[in-house]
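Structural characterization, general
One-letter residues, chain by chain:
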Amino acid sequence: MNNPLFDRDVVSIGDLSKADIEFIIERAAALKQSGPMPLLKDRLIASCFFEASTRTRLSFEAAVQRLGGTIIGFSDSGNTSTKKGETLTDSIHMIAGYADAIIMRHPREGSARLAAEVANIPVINGGDGANQHPSQTLLDLFSIAECQGRLDGLSIALVGDLKYGRTVHSLAQAMGHFKPRFYFVAPEALAMPAYIEDSLRAAGIAFEYADSLEAVVPLVDILYMTRVQKERFDPTEYMHLASQFVLRPEMLKSAKPSMRVMHPLPRVDEIHPAVDRTSHAYYFQQAENGVYARQALLSLVMNEGVLSPGGGLV
Amino acid sequence: MSEHRREKMLVEAIQNGTVIDHIPAGKGLTILGRLQLRNAEVRLTVGLNLPSHGGGMKDLIKIDDWRFTEQDAAELALFAPKATVNIIEEYRVVRKFPIGLPETFIGVFVCPNANCITHVEPVESRFSVIQEATLQLRCHYCERAFADTLFTENKS
Ligand SMILES: [Zn+2]
């Protein structure tokens, strides 16, 4: 089987075609089904977190270990040579000499693209500043496909901070391959940036703004919630916003039975804990799926062959 | 002296080099600044608010002993997209071409995103040109797109 991901860098969701995305999602589903496989046996993966992100790091490291790979690396730049003034270019040159692939997170936008150009081994972007976090988008897509049985033609509400939310920008971009209908629910100050709207229009994707959660709940297949950062508002304003953008269980009465609530986590107070006990809550499965999506990504980048249903590489 | 003759003199008064003609009036000094950034030693003669063929005014720059390549010209494209480049040898125009917008600008502009990796690493900036409703440059590294005016109005 032809593996289009082999030996590639995964820097930006825009680098992946529709076929690439579908291929990764199928592999993620297969790996979730099959349980751990030794697809990274004898492989050494460098996990380079120039900026701390415990959640992303644990998910990647779990993925590597589940596939029998070995991890080296660091969890923040505090003790690395970056602190002593070494350039990222030099750090990556050096690490590329030690490992078989690099997973990296860095506070500056464009750092992963630069690292991918410097390294002669695959670089997987675990977040570069406010820019890209493609494995998050892949796990979102995998989760959507899993709970809805398809990606095509879904109605999706994106709720919360649509202005600064890297996650929703990449998700909107990637879902563009699958003819969705979007509903945006956001405070005016946190509306979707014009450049994202422009690219959706250019791609012929339908989207509209809705005033409240109640208005969109009955209409959608996926309610994708994000955190509205308190710091961006004064306290009274925030209280008012919170009442509009916090999901409470009674709001879900009008939802389709198959509707699922997603959230990239961590949540603060935008989803009431009682929602967790409804059949609509899907954010913890979504987080778990992060490990499968990352297993799929790593195993495809590192192996020319693809896991067959029987368990061997073909 | 006729307009035609006067312009001919302006163009041909250098022995070898490049004449950038039909620069929109007012952009001459900006282009001058860009050229000096690239080569501080080069000898430049500037004409501002000269009469233009089709009426109106234009700026013109003569550069001694520097024969522009298409790449040199492309770097000025955002500032004077309608300008023309004349290559001069022994007082004669040996080649003439319009300034064209390139597909990418490499090492020409500084990324307006202050948190872009290009500000702290030894790497040339790189922008792809996106021409849709408006002209934008997209940074190859941080992936943000910026209006052309962000490059042409603040930096000279
Ligand atoms: Zn940039």
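Further up the page is the structure itself.
An account of the accompanying structure is given in this report. For every chain, the first residue of its written sequence is number 1, and the numbers climb from 1 along that sequence. Here chains are named by letter from A upward and ligands by number from 1 upward, in the order in which they appear as written. Restriction of local features to residues with pLDDT of at least 70 applies here, the model being predicted, together with a cutoff of 80 or more for giving and counting side-chain atom pairs; totals for whole chains, interfaces and linings are based on all residues. The basis for every side-chain value is the complete set of heavy atoms in the structure, and neither hydrogens nor water enter the calculation.

Note on contacts: a residue pair is in contact if any heavy atoms of the two residues lie within 4.5 Å. Between chain B and chain A, the residue contacts involve 16 residues of the former and 17 residues of the latter. Buried area counts how much accessible surface, traced with a 1.4 Å probe, disappears from two parts once they are put together, with both parts' losses summed. Between chain B and chain A, a total of about 1,300 Å² is buried, with carbon and sulfur atoms accounting for 45% of that surface. By convention in these notes, a salt bridge is any Lys or Arg side-chain nitrogen within 4 Å of a carboxyl oxygen on Asp or Glu. Scanning the region where chain B abuts chain A turns up 3 salt bridges. Between Glu 109 of chain A and Arg 144 of chain B there is a salt bridge; the shortest N-O distance is 3.2 Å. Throughout this description, a polar contact denotes any pair of N or O atoms lying within 3.5 Å of each other; where both atoms belong to protein, one of them has to be capable of donating a hydrogen while the other can accept it, and for residues adjacent in sequence the pair is counted only when both atoms sit in side chains. On the surface where chain B and chain A come into contact, there are 13 residue pairs in polar contact (both at pLDDT 80 or more). All amino acids are sorted into three groups, where Ala, Val, Leu, Ile, Met, Phe, Trp, Tyr, Cys and Pro are nonpolar, Asp, Glu, Lys and Arg are charged, and the leftover types, Gly among them, are polar. Residues belonging to the side of chain B that touches chain A are distributed by class as follows: 8 nonpolar, 4 polar and 4 charged.

Residue and element names in this part refer to chain A. Throughout, the protein atoms alone are placed on a 1 Å grid, and a set of points is a cavity if a 1.4 Å probe fits but cannot get out or a pocket if it is open with protein on both sides within 12 Å along at least five of seven lines; lining residues have an atom within 4 Å of a point. Grid points are joined across faces, edges and corners, and a volume is the space filled by probe spheres set on the points. Under the definition given, this model contains 3 cavities of 30 Å³ or more. Approximately 70 Å³ is the volume attributed to the largest cavity. Surrounding the largest cavity, Val 228, Tyr 238, Leu 241, Ala 242, Phe 245, Val 246, Asp 269 and Glu 270 form its lining. In terms of residue class, the lining of the largest cavity is built from 6 nonpolar, no polar and 2 charged.

Okay, the pattern of salt bridges next. Residue and element names in this part refer to chain A. For the structure on display, the rule yields 21 salt bridges over all chains. Between Glu 146 and Lys 32 there is a salt bridge; the shortest N-O distance is 2.7 Å. Of the two residues, Glu 146 sits in helix α5 (residues 134–148) while Lys 32 sits in helix α1 (residues 18–34), which places them 114 residues apart along the sequence. Only protein chains enter the accessibility calculation, which uses a 1.4 Å probe. A residue is then buried if its area is under 20% of the maximum for its type, exposed if over 50%, and partly exposed in between. Taking relative accessible area as the criterion, Glu 146 reaches 34% and is therefore assigned partly exposed. Judged by relative accessible area, Lys 32 falls into the partly exposed class, the value being 27%. Taking the shortest distance from any N to any O, the salt bridge between Glu 250 and Arg 248 comes out at 3.1 Å. Judged by its relative accessible area of 27%, Arg 248 falls in the partly exposed class. Helix and strand definitions here come from DSSP, where helices need a minimum of 4 consecutive H or I residues and strands a minimum of 2 consecutive E residues; each element is numbered from the N-terminal end.

Our next topic: the packing of aromatic side chains. In this analysis, rings of Phe, Tyr and Trp, with Trp reduced to its six-membered ring, are considered paired at centre separations within 6.5 Å, and the interplanar angle assigns stacked below 30 degrees, edge-to-face beyond 60, and tilted for intermediate values. Taken as a whole and judged by the stated rule, the model has 11 aromatic pairs over all chains. With centroids separated by 5.2 Å and ring planes inclined at 65°, the aromatic side chains of Tyr 283 of chain A and Phe 284 of chain A adopt a geometry described as edge-to-face. Residue class for Phe 284 of chain A comes out partly exposed when judged on its relative accessible area of 46%. Centre to centre, the rings of Phe 146 of chain B and Phe 151 of chain B are 6.3 Å apart; their planes meet at 80°, and the pair counts as edge-to-face. Overall, the relative accessible area of 11% leaves Phe 146 of chain B in the buried class. Judged by its relative accessible area of 2%, Phe 151 of chain B is buried. Taking NZ or CZ as reference, Arg 27 of chain A lies 5.8 Å from the ring centre of Phe 23 of chain A, over its face. Working rule: Lys NZ or Arg CZ, within 6 Å of ring centre, within 35 degrees of ring normal, means a charge sits over the ring. Its guanidinium or amino end placed over the ring of Phe 60 of chain A, Arg 294 of chain A lies 4.8 Å from that ring's centre, counting from NZ or CZ.

Time to look at unusual backbone geometry. That bond from Leu 265 of chain A to Pro 266 of chain A is cis: its omega, 5°, falls within 30 degrees of zero. Take Pro 266 of chain A: it is sitting in the loop between β9 (260–262) and α10 (283–302). A positive phi angle, close to 65°, is found at Asp 42 of chain A, a residue other than glycine. Relative to the helices and strands, Asp 42 of chain A is located in the loop between α1 and β1 (44–49). Using a relative accessible area of 67% as the deciding quantity, one classes Asp 42 of chain A as exposed. One non-glycine residue, Glu 90 of chain B, lies in positive phi territory at about 50°. With respect to the element layout, Glu 90 of chain B can be found in the loop between β4 (84–89) and β5 (92–98).

Before going further, it helps to spend a moment on the coordination of the zinc ion. Residue and element names in this part refer to chain B. In this listing, donors mean N, O and S atoms no farther than 2.8 Å from the metal, or 3.2 Å for Na, K and Ca; water is missing from the atoms, so a site can look incomplete. Around the zinc ion, the donor atoms from the protein are Cys 111 (SG), Cys 116 (SG), Cys 139 (SG) and Cys 142 (SG), and they sit 2.3 to 2.4 Å away. Metal-centred angles of 103 to 116° between the 4 donor atoms at the zinc ion mark the site as tetrahedral. The motif formed by the donor residues of the zinc ion, counted along the single chain, is C-x4-C-x22-C-x2-C. Take Cys 139: its relative accessible area is 2%, and that puts it in the buried class. Four donors are marked tetrahedral only if all angles between them lie between 85 and 135 degrees, whereas four are marked square planar and six octahedral if opposite donors are more than 155 degrees apart and the other angles lie between 65 and 115; the remainder are marked irregular.

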